[in-house]
Amino acid sequence: ARTLGLLGAAAALLALFIWIEARVPAPLMPLGLFRIRNVSAANVVGVLMAAGLFAWFFFSALYLQQILGYTPLEVGLAYLPSMVVWGGASLFSDRLVMRFGIRTPLVVGLALMAVGLVLFARTPVDGSLWDVLPGTVAIGLGAGIGFNPILLAAMSGVAPTEYGLASGVVNTSFMMGGALGLAVLASVAAARSDDLRSSGDDELVALNGGY
């Protein structure tokens, strides 16, 4: 009841916000912004990208700790290569946009992230860091290449006076997508693990199947 009540209250407040913004003469967030194709597309992509990214961080950390037995420090070190790759890729992503436009780097970045998620989906119960590392590097490279084009796409169709608003909206969409996507996927993972336990699988197999 608490979860559904909070979701209902959030939906009501969001509806009230939209109703007010559609009627005031100087809205905080002009709704006409979402009629711009680039802005709408960037927000949708940001929601889906964040859902996959947040879920990957969450489930891969659980996999490393609960399946492979890593300590929290070892999990942090396991993420280090992908974070270094992410930072390095973000340094030249603007050059890729200048040379190839927004669409190509964005598609390449998202494709690399998708490859990383597929690789993580194949991690076995008796795996090791080498089963996780290729996927983490692919996701780090893809996120480093793809995140800047999303922001640029959101700002490419708006007036210079609305650059801050457009980037703020897409960042908000990114955070909302991460929170909602993780909530949905964590619920699905828990249900899958429960089903495997009920079928007689041991705890590690059930957890890994959910992840």
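This text goes with the structure placed above it.
Residues numbered from 1 in each chain as written. Predicted model: local features only at pLDDT ≥ 70, side-chain atom pairs only at ≥ 80, totals over all residues. Heavy atoms only, no water.

So, about the side chain of Ser82. Here Ser82 lies in helix α3 (residues 72–100). With near-sequence residues (within four places) excluded, Ser82 lies in contact with Trp56, Thr136, Val137 and Gly140. (Helix = DSSP H or I, 4+ residues; strand = E, 2+ residues; numbered from the N terminus. Contact = heavy atoms within 4.5 Å.)

Scanning the model with the defined rule gives eight aromatic pairs in all. Note on Phe58 and Phe59: the rings are 5.3 Å apart at their centroids and 75° apart in plane angle, and the pair reads as edge-to-face. The buried category is assigned to Phe59, whose relative accessible area is 7%. Three or more aromatic residues joined by ring pairs form one cluster here, namely Phe54, Phe147 and Phe174. (Phe/Tyr/Trp six-rings, centres within 6.5 Å; stacked < 30°, edge-to-face > 60°. Buried < 20%, exposed > 50% of the residue type's maximum accessible area, 1.4 Å probe, protein only.)

At a closest axis distance of 6 Å, the pairing of helix α2 (residues 37–67) and helix α6 (residues 163–198) adopts a crossing angle of 45°. Regarding the angle of α2 to α6, the classification is oblique. Our pair here, α2 against α6, has a crossing hand that is right-handed. Here the contact of α2 with α6 is built from residues that sort into 19 nonpolar, six polar and no charged. (Axes fitted to C-alpha atoms, helices over the stretch in contact; angles between N-to-C directions. Parallel < 35°, antiparallel > 145°, perpendicular 65-115°, else oblique. Left-handed = near helix turned anticlockwise from the far one by under 90°. Nonpolar A, V, L, I, M, F, W, Y, C, P; charged D, E, K, R; others polar.)

Limitation: the analysis is restricted to geometry and does not speak to function.
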